[in-house]
Amino acid sequence: MKSRALRRAATVAAVASTAALVLAGCAGSSDGGSSADGGDITLTVATFNDFGYTDALLQKYMDENPGVTVVQNKAATSNDARANYFQKLGKTGLADVEAIEVDWLPEVMEYSDLLAPVPTDLTDRWLDWKVEAATDADGNLIGYGTDIGPEGVCYRSDLFEAAGLPTDRDEVAAMLEGDWSTYFEAGDEYVAATGKAFFDSAGGTYQGMVNQLPAAYEDPDTGDITATTNTEVEDIYNQVLDASATQSAHLGQWSDDWMAGLSNGAFATMLCPGWMLGVISGNAADTTGWDIANVFPGGGGNWGGSYLTVPANGEHVEAAQKLADWLTAPEQQIAAFDEAGTFPSQNEALTDSTLLDATNEYFNNAPVGQILTDRANAVTVAPFKGAFYFQINDAMQKALTRVEDGTQDAQQSWDQWVSEVDALQ
Amino acid sequence: MNPPEVAKPTPPAPKKPRRVGFGPRLSRWDFKFSPYLYISPFFILFFIVGLFPIAFTAVISFMDWDLVRNTGTFIGFDQYAYVLSNPKFWIALRNTFSIFLISSVPQLIFAIFIAAILDQNIRAKTFWRMGVLLPYVMAPVAVALIFSNMFGDQYGIVNTTLQNLGLPAVPWHSNAFASHIAIATMVNFRWTGYNTLILLAAMQAIPRDYYEAATVDGAGKVRQFFSITVPSLRPTLIFVIITSTIGGLQIFDEPRMYDQYGTGGANYQWLTITLWLYDIGWGEWNFGRAAALAWILFIIILAIGVINLFVTQGLVRNEGGRTAMTRAQRRTAARLAKRDVAATKSNKHQTEEAGS
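First, a word on scope: everything that follows refers to the structure included in this document. Every value quoted in this text rests on a predicted model; they were computed, and no experiment measured them.

1. Considerations on the overall build of chain B
Item 1. Helix and strand counts for chain B come out as 15 helices and two strands.
Item 2. The 356 residues of chain B split such that 36% are buried.
Item 3. Sequence separation of 24 or more characterises 67% of the internal contacts of chain B that already satisfy a separation of 6 or more.
Item 4. Here chain B displays about 22800 Å² of accessible surface, and carbon together with sulfur accounts for 68% of that area.

Here it is, written out as structure tokens:
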């Protein structure tokens with residue numbers, strides 16, 4: 001391990017110094033975009049968590065493109081990557097290809113002029129809404145879509161059985177088919193039968209609902225904050241809190257209690273993007289009974305996902321674009337799905353048989369590939385997220401938590417949220 | 001100023017004797033300036049890496065600053081007005097002081113008692129003395145992770161235990177005071193041992209004669225502790241109080257790790273000033289506002305420091321002048337004492353001479 005790292009460092013150093021010498025020797029050469037005439041170059045790819053880019057995958061690219069060395073830097077969390085990204089964007093120090101997450105895409109879009117756009121002939125490779133979200137006001141697409149988070153409903157079949165509800169995933173899907181009131185009615189039934197909570201938290205459920213609104217908090221044309229006067233938001237807020245009073249386990253997502261709740265049956269269902277499957281199976285490894293239904297209340301929903309971007313002031317912009325293009329091509333997206341479960345965002349990849357045939361043993365051998373593909377195709381709305389989206393949404397999550405933990409009632413909490421949003425501008 | 005000297009042929013100077021060491025002037029300079037030269041590397045480094053960022057922070061606190069493009073527009077005191085008019089600031093201030101008080105006060109009391117026990121004649125002294133420092137070695141983030149797990153609202157070990165004992169569960173994450181206690185517990189766990197060792201060192205410096213005399217006079221251990229140990233610790237206590245004040249006002253790791261979001265709770269129950277500062281800077285990318293808050297925090301710490309200074313001076317003066325004498329009386333007393341000493345010395349001298 002150590003020796004490999006050392007060797008890699010030595011290679012990088014050697015290549016870098018060679019490149020420097022070459023560049024110094026022939027001033028005015030091109031930016032080294034094509035390896036044919038520019039000599040050997042090193043491309044860096046910065047990712048976080050697990051993108052499924054294995055050494056073998058990168059080696060494949062290096063074999064196909066002689067003269068190019070690809071080095072991957074992995075940040076531990078997307079927060080680390082985010083801090084690093086904004087500290088160095090527009091200056092020096094970013095990798096040639098930088099991964100970003102949709103959570104901070106709105107912030108990135110403010111600086112879209114500092115990124116090299118995706119060549120226009122590639123833009124129809126991805127799902128429409130994936131492209132739309134990363135297209136700036138000038139019509140430039142600035143991110144190469146990697147994965148997406150199509151949402152289904154995860155449920156505990158053993159708890160459903162105890163409550164007298166259907167346990168088969170198709171029957172569950174049929175039962176939950178419809179809008180959110182159908183989902184909450186099923187919740188009432190479950191609560192009446194068992195006296196236990198139906199879903200994990202108001203916050204997680206709200207997130208699934210608000211992601212179906214085309215413009216929840218801000219006016220897409222002017223960027224003005226409309227959150228506090230948007231009746232759709234208020235309706236969702238009231239609907240989810242009404243249900244939460246009896247049906248929620250009041251366990252904030254990612255809290256220690258929530259992690260415990262995944263395995264101890266504190267709640268029976270949860271909204272489930274593809275990447276959540278790994279979270280559940282990882283935190284509740286000894287629990288049997290988790291399953292996933294091919295349904296999502298109120299139509300499709302997407303939660304999360306990432307892009308690759310190419311900083312415009314990099315040294316090898318053209319070569320980096322080529323690499324980002326290759327990494328987000330269907331074959332590589334499928335390979336990444338196999339490796340890390342990141343669900344592909346390419347139209348072509350979504351029809352690939354490897355993907356469609358994928359099953360998940362932990363989830364009672366559910367055909368997750370097929371289910372998530374259906375869920376991805378059901379997504380019709382690309383929610384508009386402007387500059388203030390995350391601050392407003394964060395304040396909203398806090399408002400929901402205040403009601404759930406009994407600090408305030410729904411009206412007080414809403415009023416406080418309104419005053420916090422008003423203070424943002 | 002002398003007029004510039006005109007060049008003239010210099011007569012061959014008589015050979016001076018070679019001297020070892022500096023001339024009188026040089027050695028005077030050496031004496032005067034060398035100490036400053038020796039400590040200057042620290043200050044030079046501080047001016048470069050410390051003072052510049054502080055000044056730069058002051059500059060961007062008056063601007064609407066864009067970190068990515070490294071530009072900003074001057075907007076005067078708007079950022080300060082925003083911070084001071086935001087209710088979150090006052091909540092954060094309240095929380096910071098609340099956590100500081102309920103961590104520092106019990107911490108110091110415990111530290112003094114543990115130090116007093118360690119000061120006794122016990123077996124394996126070094127083992128116990130180093131033992132109290134063990135929690136300090138742990139990384140604050142690790143401590144916070146373990147404790148925040150213990151203080152889980154529903155499945156945490158603390159609440160489970162309370163419920164097993166038939167007591168009601170404490171809402172550790174929704175009640176502000178409960179969350180402060182939980183966070184203060186983490187702080188106390190980590191810092192009590194550190195303060196114990198400092199106080200122990202001070203206790204060891206108390207002359208044992210005092211205790212012997214007190215024992216002869218018939219004072220018990222408790223009386224000795226309150227009448228000898230505690231008063232003698234005063235200067236050290238002042239140091240410990242000042243350092244824990246600065247640390248307490250900058251508390252960050254523990255509240256940050258207390259829940260999964262690290263933004264101080266749904267109703268800002270445990271939002272502290274540095275936590276909010278971090279969130280404005282690295283969460284909202286509003287560095288102008290963050291800089292303004294940083295300066296406000298600086299001014300608060302400065303104010304507390306000045307208050308500390310006055311209290312300290314009061315205490316120290318109090319110690320020096322236990323018998324309420326006027327200045328003239330003190331002078332007279334000092335003169336008398338000096339004469340006594342001189343008299344004793346000469347007496348001693350005489351007796352020694354007589355003896356030889």
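Still to come is the rest of the account.
2. Thoughts on the packing of aromatic side chains
Item 1. Counted by the stated rule, this structure contains 56 aromatic pairs over all chains.
Item 2. Arranged with centres 6.2 Å apart and planes meeting at 40 degrees, the rings of F160 of chain A and Y190 of chain A form a pair that is tilted. In this pair, F160 of chain A sits in helix 7 (residues 157-162) while Y190 of chain A sits in helix 9 (residues 180-194), placing the two residues 30 residues apart along the sequence. As far as the burial class goes, F160 of chain A and Y190 of chain A line up, both buried.
Item 3. Where Y362 of chain A meets F363 of chain A, the ring centres are 5.2 Å apart and the plane angle is 70 degrees; that geometry is what we call edge-to-face. Across the pair, exposure class does not vary: Y362 of chain A and F363 of chain A are buried alike.
Item 4. Following the ring pairs from residue to residue traces out a cluster consisting of F48, F51, Y53, Y85, F86, W104 and Y111 of chain A together with W282, W285 and F287 of chain B.
Item 5. Between R125 of chain A and the ring centre of W126 of chain A, over which it is positioned, the NZ or CZ distance is 4.8 Å.
Item 6. We note R289 of chain B situated over the ring of Y82 of chain B; from NZ or CZ to the ring centre the distance is 3.5 Å.

3. Here we look at the layout of surface pockets
All names here are of chain A.
Item 1. Estimates place the volume of the second largest pocket at around 810 Å³.
Item 2. Listed by contribution, the elements that provide at least two residues to the lining of the second largest pocket are helix 5 (105-109), helix 6 (128-133) and strand 8 (302-309).
Item 3. Split by residue class, the lining of the second largest pocket holds 17 nonpolar, seven polar and seven charged.
Item 4. Two domains each donate at least three residues to the lining of the second largest pocket, and these are domain 1 (41-148 + 304-357) and domain 2 (149-303 + 374-423).

4. Examining the interface of chain A and chain B
Item 1. Listed per partner, the contact involves 35 residues of chain A and 28 residues of chain B.
Item 2. When chain A packs against chain B, the two sides together hide about 2400 Å² of surface, and 48% of this comes from carbon and sulfur.
Item 3. On the chain A side of the interface with chain B, the three residues burying the most area are Y111, D257 and K398 of chain A, jointly 21% of the side's total.
Item 4. Here chain A is connected to chain B by one salt bridge.
Item 5. As a salt-bridge pair, R69 of chain B and D113 of chain A come within 3.0 Å of each other at their nearest N and O atoms.
Item 6. Where the side of chain A that touches chain B is concerned, the elements lending two or more residues are helix 4 (78-88), helix 12 (256-264), helix 18 (389-404) and helix 19 (410-422) of chain A.
Item 7. A per-element tally of the side of chain A that touches chain B places helix 12 of chain A first, with five residues.
Item 8. Looking at side-chain class alone, the side of chain A that touches chain B contains twelve nonpolar, twelve polar and eleven charged residues.

5. Thoughts on the state of the cysteines
Residue and element names in this part refer to chain A.
Item 1. Evaluated as defined, the whole model comprises one disulfide over all chains.
Item 2. Here C154 connects covalently by a disulfide to C272, the sulfurs 1.9 Å from one another. Where C154 bonds to C272 through sulfur, the torsion about that S-S bond is close to -90 degrees, and the disulfide is left-handed. Placement of the pair is C154 in strand 4 (residues 144-156) and C272 in strand 6 (residues 267-273), with a sequence separation of 118 residues.
Item 3. Given a relative accessible area of 0%, C154 falls into the buried group.

The rules behind each value
- Residues numbered from 1 in each chain as written.
- Chains lettered and ligands numbered in written order.
- Predicted model: local features only at pLDDT ≥ 70, side-chain atom pairs only at ≥ 80, totals over all residues.
- Heavy atoms only, no water.
- Helix = DSSP H or I, 4+ residues; strand = E, 2+ residues; numbered from the N terminus.
- Buried < 20%, exposed > 50% of the residue type's maximum accessible area, 1.4 Å probe, protein only.
- Contact = heavy atoms within 4.5 Å.
- Areas by Shrake-Rupley, 256 points an atom, 1.4 Å probe, with all protein chains shown as cover.
- Phe/Tyr/Trp six-rings, centres within 6.5 Å; stacked < 30°, edge-to-face > 60°.
- Lys NZ or Arg CZ within 6 Å of the ring centre and 35° of its normal.
- 1 Å grid on protein atoms, 1.4 Å probe; cavity = no way out; pocket = protein on both sides within 12 Å on 5 of 7 lines; lining within 4 Å.
- Points joined across faces, edges and corners; volume = space filled by probe spheres on them.
- Nonpolar A, V, L, I, M, F, W, Y, C, P; charged D, E, K, R; others polar.
- Domains from an automatic or database assignment.
- Buried area = accessible area lost by both parts, 1.4 Å probe.
- Salt bridge = Lys/Arg side-chain N within 4 Å of Asp/Glu carboxyl O.
- Disulfide = S-S within 2.5 Å.

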